[in-house]
Amino acid sequence: MTRLLEISGLTRRFGGLVAVDGLSFGVAQGEIVGLLGPNGSGKTTALNLVSGALKPDAGTIMLDGRPIAGLRPDRIARLGLARTFQLVRVLGSMTCAENVVAGLAFRRPVLWGEAAARRAGALLDRVGLGGRGAMPADALTYIDQKRLELARGLALSPRILLLDEWLAGLNPSELQEGIALIRSLRAEGTTIVMVEHVMDAIRSLCDRCVVMNAGALIAEGPPAAVLADPAVISAYLGGDDA
Amino acid sequence: MTFLPLIPATLLVAALATLPLYADGYCLSLSLSLLNYTVLATAWAMFSGPTRYVSLATVAFFGIGAYSVAVLGEVLPWPLVLLIAAAVGGAVALLVGLSTLRLSGVYFVVFTFGLAELIRQLVTWYEVNVTRALGRYVFVDVTQAQIYWQMLALATLVFLTGWLVGRSRLGFALRIIGDDETVAPHVGIDITIVKVALFALSAVFMTLAGAIMAPRWTYIDPAIAFNPMVSFQVLIMALLGGAGRLYGPLLGVIPLTLLFEFLIARFPNHFSIILGLVFLVIVYLVPNGVAGLTARRAAR
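Residues numbered from 1 in each chain as written. Chains lettered and ligands numbered in written order. Predicted model: local features only at pLDDT ≥ 70, side-chain atom pairs only at ≥ 80, totals over all residues.

1. Regarding the overall build of chain A
Right, so step 1: Counting its secondary structure elements, chain A contains 9 helices and 10 strands.
Right, so step 2: Taken against the 2.2 N^0.38 rule, which gives 18 Å for 242 residues, the C-alpha radius of gyration of chain A at 18 Å falls within 12% of a compact globule.
Right, so step 3: Each principal axis of the C-alpha atoms in chain A carries an extent, and together these give about 60 × 40 × 35 Å.
Right, so step 4: Here chain A holds 242 residues, and the buried ones make up 47% of them.
Right, so step 5: Look at the contacts in chain A between residues 6 or more apart in sequence, and 64% of them connect residues 24 or more apart. (Helix = DSSP H or I, 4+ residues; strand = E, 2+ residues; numbered from the N terminus. Rg over C-alpha atoms; globule rule 2.2 N^0.38 Å. Buried ≥ 20, exposed ≤ 12 C-beta atoms within 10 Å, placed from the backbone. Contact = placed C-beta atoms within 7 Å.)

2. Here's the deal with the sheet that holds strand 8 (residues 191-195) of chain A
Residue and element names in this part refer to chain A.
Right, so step 1: Spatial ordering of the open sheet is given by 6-7-8-3-9-10, a layout of 6 strands whose pairing is mixed. The open sheet is flanked by strand 6 (81-83) and strand 10 (216-221), the only strands paired with a single partner. Direction aside, neighbouring strands of the sheet carry axes that sit 20° apart on average.
Right, so step 2: Here 4 bridges tie strand 3 (residues 32-36) to strand 8, and the two strands are oriented parallel to one another. (Pairing = 2+ DSSP bridges. Axes fitted to C-alpha atoms, helices over the stretch in contact; angles between N-to-C directions.)

3. Things to note about the interface of chain B and chain A
Right, so step 1: Counting from both sides, the interface comprises 14 residues of chain B and, opposite them, 20 residues of chain A.
Right, so step 2: Top element by residues in the side of chain B that touches chain A is helix 7 (residues 169-179) of chain B. It accounts for 5 residues.

4. Quick notes on helix 6 (residues 172-187) of chain A
Right, so step 1: Compared with the 22 Å implied by 1.5 Å per residue over 16 residues, the 23 Å span of helix 6 of chain A between its first and last C-alpha is a close match.
Right, so step 2: Taken from the residues just after helix 6 of chain A, Gly189 of chain A is the one with a positive phi, measuring 95°. (Expected span 1.5 Å × (residues − 1).)

5. Quick notes on the sheet that holds strand 1 (residues 5-14) of chain A
Right, so step 1: Taken in spatial order, the 4 strands line up as 2-1-4-5 (chain A) in an open sheet, and their pairing is antiparallel. Strands at the two margins of the open sheet, each flanked by one partner only, are strand 2 (17-27) and strand 5 (66-67) of chain A.

6. Remarks on the domain arrangement of chain A
Residue and element names in this part refer to chain A.
Right, so step 1: With domains assigned, chain A is organised as domain 1 (5-80 + 158-237) and domain 2 (90-151).
Right, so step 2: Of note, the centres of domain 1 and domain 2, computed from C-alpha atoms alone, are 25 Å apart.
Right, so step 3: Opposite the 6 residues of domain 1 that make contact, domain 2 presents 8 residues.
Right, so step 4: Of the residues in the side of domain 1 that touches domain 2, the class split is 3 nonpolar, 1 polar and 2 charged. (Domains from an automatic or database assignment. Nonpolar A, V, L, I, M, F, W, Y, C, P; charged D, E, K, R; others polar.)

7. As for the pairing of strand 10 of chain A
Sheet faces and side chains relate simply in a regular strand, where the side chains alternate between the two faces.
Residues and elements named next belong to chain A.
Right, so step 1: Relative to strand 10, strand 9 (residues 208-213) is paired through 5 bridges, and the arrangement is antiparallel. Pairing of Asn213 across the sheet is with Ala216, part of strand 10.
Right, so step 2: Where strand 9 folds back on strand 10, the antiparallel hairpin that results is connected by 2 residues, among which Ala214 adopts a positive phi of roughly 50°.

8. Overview of the pairing of strand 8 of chain A
All names here are of chain A.
Right, so step 1: The buried fraction of strand 8 amounts to 5 of the 5 residues, a majority that puts the element mostly inside the structure.
Right, so step 2: Neither face of strand 8 is left uncovered, since the one carrying Thr191, Val193 and Val195 and the one carrying Ile192 and Met194 both have all their residues buried.
Right, so step 3: As defined by bridge partners, strand 7 (residues 160-164) adjoins strand 8 across 5 bridges and the pair is classed as parallel. Bridging across to strand 8, Ile160 finds its partner in Thr191.

9. A short note on unusual backbone geometry
Right, so step 1: Of note, the bond from Arg108 of chain A into Pro109 of chain A is cis; its omega dihedral lies within 30 degrees of zero at -5°.
Right, so step 2: Residue position: Pro109 of chain A is located in the loop between helix 3 (96-104) and helix 4 (114-126).
Right, so step 3: At Asp64 of chain A, a residue that is not glycine, the phi angle is positive and equals roughly 50°.
Right, so step 4: By the element assignment, Asp64 of chain A lies in the loop between strand 4 (58-63) and strand 5.
Right, so step 5: Located in the positive-phi region is Thr218 of chain B, a residue other than glycine, with phi close to 60°.
Right, so step 6: Within the secondary structure layout, Thr218 of chain B lies in the loop between helix 9 (191-213) and strand 2 (219-220).
Right, so step 7: Take Thr218 of chain B: there are 11 C-beta atoms within 10 Å of it, and that puts it in the exposed class.

The structure is reproduced here in structure tokens:
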């Protein structure tokens with residue numbers, strides 16, 4: 001059985017630096033996979049390669065059996081891949097509802113006008129922003145901007161959702177809300193790849209983790225096992241030789 | 001979606017259409033100037049407003065329109081001349097758009113300015129070396145009133161198009177691109193096609209404005225048709241009015257056209273200096289335009 005997302009031999013260089021070095025892993029339908037690793041290990045670059053923001057130098061990416069490596073990001077988005085950004089990106093000059101409609105109006109099938117407005121309202125409810133459709137997006141607090149970005153991603157009705165440090169920068173109570181929200185997405189069967197540093201979230205949400213260091217995969221498996229792996233610990237904290 | 005604003009707009013256009021029946025030559029000429037800048041600034045803002053890509057190529061397209069008429073005006077029937085002018089302007093915009101809209105910020109500004117100068121130099125070179133006469137006479141049998149009516153029709157068309165685009169997915173896509181060009185492709189927008197389409201659409205209107213205005217000059221040469229000052233004036237009018245709204249540029253066109261008219265008449269030798277000062281004051285005092293100011297007042 002092939003998995004929903006299948007990455008193999010993915011490589012990207014920036015000049016002499018190999019940011020992603022022969023990365024291979026897969027994500028099954030309905031799974032939440034955590035993509036971990038110390039800062040600079042190539043996690044965000046990997047997400048950018050999968051979502052089309054960057055083009056790989058080598059390797060293949062299959063989304064539901066279709067090769068997507070090197071496609072333009074708008075093509076990949078229409079094939080059913082949505083993402084959020086490490087530094088939250090909402091459309092500041094627009095209302096919250098318009099931000100969500102942005103995710104509805106250019107996917108396939110297109111949703112526009114009355115139907116889009118109704119669906120946007122439902123999605124805002126879904127992420128906990130119910131009734132704030134008319135509010136300017138840049139007036140939202142940080143966590144609410146993150147919720148809005150998530151609603152825009154969900155608007156694409158994605159087969160797979162990439163979250164780039166979506167839980168970063170939240171205070172403890174916001175973090176609990178955020179974890180609950182992602183857990184509820186899993187309950188609906190959404191497939192998620194999340195780059196994350198918040199260990200509580202990783203332990204409670206992820207079915208499986210993939211750990212990168214210096215661009216390469218160093219461990220893969222259930223969160224508890226991976227986080228206890230000596231190679232992972234030494235990547236984060238420095239090993240005996242450090 | 002409401003069609004209500006169409007009613008007063010229709011009445012306004014009808015009232016403006018009666019102007020040549022009673023206005024004198026000077027008043028008509030000034031009104032024509034107002035309409036011309038309204039078309040140019042509104043067309044400019046159609047693309048540059050939402051994307052915030054500042055284009056200085058306005059006069060490139062305006063000049064292409066004027067030269068299409070100078071070359072073809074006597075040979076072909078008038079509607080066909082306009083059609084060809086629009087096609088040439090649109091084609092140049094497509095070409096330029098596809099090759100340059102990857103540029104952003106100041107690079108795009110400089111490129112568009114360079115483009116207008118390049119076309120001017122090419123036309124000059126052609127006229128000097130091939131036709132061996134720098135200028136051309138534009139003999140088209142048309143009265144000032146007829147030019148006015150054509151310009152009014154074009155202005156109406158610009159507003160109607162801008163209004164429709166503003167309600168369409170295309171216009172929405174352009175606003176998303178203007179807000180965040182990184183987000184746009186990740187929600188499925190083909191940003192190249194959207195930008196090029198709007199850039200070409202706005203260029204077609206600028207070209208038609210040049211074509212319709214050409215017979216008014218009777219004599220044109222590249223320095224007149226491709227005068228870079230036009231691009232700057234259109235830019236500053238749109239900025240003063242506010243490029244974020246359809247009616248915004250109009251709020252800049254009216255005071256500034258009248259001001260420029262006054263300055264040229266009274267201070268012909270110091271026009272450029274005063275123009276520069278006006279630019280500074282506008283950018284400093286009303287960065288979001290008059291339309292932005294009134295909207296903020298209303299929000300308070």
